[in-house]
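Chains, contacts and geometry: an overview
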Amino acid sequence: MEEVLFETKGLSYSYNSRQERPSLNDVNVRVRKGVKTAILGANGAGKSTLFYHFNGIFKPKEGEVLYEGRPIDYSKDELCKLRSDICVVVQNPDEQIFSATVEEDIAFGPMNMGLERDEVERRICDSLFKVGMEEYRYRPTTQLSYGQRKRVAIAGALAVEPKVLILDEPTAGLDPQISLEVIELVDQLCANGTTVIISTHDVDLAYTWAEEIHVLRKGNLIYSGEPEPFFSDREQVSLAGLAVPHTFSVNSTVETIRGRPEAPYPKTNSQLLSKMLPEGSVSGKLRLVGVSPEDGPGIIEGSIGFKGIYGFNTRRLFRDNGLEVDFYFNAIESCMIEALDGRDATLFCDSNLLEAVRSHISTLERFGHGLEVV
């Protein structure tokens, strides 16, 4: 059982006394350390309000908020300590970016922590690389597009290297490609020990990504737990102002036609394909190659079929050496689908992520067609 990171007890909050209903009403929720967690709800459900209680920006009108088992202390010094652990990236980047240039904005957090200049420089470079914004380091923030400003806001949070990263509608307003980049970044942070919590009304994102969801409706917590039971109750989903995820809906429709049970519930396209393939289907091979910082371009020798990359070190290696690749993002899923379709593929990934990738690939066995990893 994972350690409880955040817990709210009877949490209620109103922005003013004239509200017809509180923004949060007697909310009791637990967020566990290391568990991918999504807070779901329609606009106005109370998601952002809940987040602002996690880092002490808002103080409950009633009830309390616990962090690592202790009630939050709202004194100035303790709030500073809390916010060095917890970073919230708000939905609108213009509410978070206030410096004249990208570099200055990202440097603000580390410099405020009193770090040495060399360490500040390392964090600026590292966080810009992770969000794909290195070439914009000296650009005035006013000259950035909305999507670029959003990535700069995330980079500013990464530069602090928080224990907990809270993302409010992280993919809102982003095109599909950048959304994939952000989710891949989030996954790698999770694999490296950061607890990530997102709020969203994007049910496809929440269903595919989250291990646990908490659903708010008009300030009330109406569900906590794994995603599948919630989305199985279509009436409850509708009352929450949400929709059934695409993959969940397709699985339900196809299995009803086949006269088979809906479970196990596929979350991804590769899992859905694995479940739908006819018996006797022949899959291709999936080669998995671990990449370390000291590796060179020769690592691609012996690769088979389509090539995909996953991980910060891998991305840097391929970029710096001009190595061609078929799948720059969403590579795990793309390589799995190629193999399920009978074609070979090679996935290059950071060595420290190999276990997580193998675990992800092994989920296909539950759905009928596993893959041979070589």
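Treat the numbers as computed from the prediction; the structure is a model and nothing was measured. (Residues numbered from 1 in each chain as written. Predicted model: local features only at pLDDT ≥ 70, side-chain atom pairs only at ≥ 80, totals over all residues. Heavy atoms only, no water.)

**Some details on the packing of helix H11 (residues 269-276) against helix H13 (residues 331-340)**
Between H11 and H13, whose axes approach to 9 Å, the crossing angle comes to 15 degrees. Judged by the angle between their axes, H11 and H13 are roughly parallel. Considering only the axes of H11 and H13, their crossing is left-handed. Taking contact as the criterion, the partners of Asn269, Ser270, Leu273 and Ser274 in H11 are, on H13, Glu333, Met336, Ile337 and Leu340. Taken together, the residues that form the contact of H11 with H13 break down as four nonpolar, three polar and one charged. (Axes fitted to C-alpha atoms, helices over the stretch in contact; angles between N-to-C directions. Helix = DSSP H or I, 4+ residues; strand = E, 2+ residues; numbered from the N terminus. Parallel < 35°, antiparallel > 145°, perpendicular 65-115°, else oblique. Left-handed = near helix turned anticlockwise from the far one by under 90°. Contact = heavy atoms within 4.5 Å. Nonpolar A, V, L, I, M, F, W, Y, C, P; charged D, E, K, R; others polar.)

**Side note on the environment of alanine 42**
Summarising the element assignment, alanine 42 is placed in the loop between strand E3 (37-40) and helix H1 (47-54). Relative accessible area serves as the criterion here: at 23%, alanine 42 is assigned to the partly exposed category. C-alpha separation for the pair alanine 42 and aspartate 202, spaced 160 residues apart in sequence, amounts to 9.2 Å. In this structure alanine 42 touches Lys47, Ala240, Gly241 and Leu242, once residues within four positions along its chain are discounted. (Buried < 20%, exposed > 50% of the residue type's maximum accessible area, 1.4 Å probe, protein only.)

**Regarding the pattern of salt bridges**
Close approach of charged atoms lets side chains of opposite charge pair. For the coordinates displayed, the defined rule picks out 24 salt bridges. In this structure, arginine 315 and glutamate 184 form a salt bridge, with 2.5 Å as the shortest nitrogen-oxygen distance. With a gap of 131 residues between them, arginine 315 in helix H12 (residues 312-320) and glutamate 184 in helix H6 (residues 176-191) connect regions that are remote in the sequence. Here arginine 315 and glutamate 184 have matching classes, each one buried. Of the charged contacts, one joins aspartate 341 and arginine 343 as a salt bridge, the two residues approaching to 3.2 Å between their closest N and O atoms. Residue classification places aspartate 341 among the partly exposed positions, given a relative accessible area of 40%. (Salt bridge = Lys/Arg side-chain N within 4 Å of Asp/Glu carboxyl O.)

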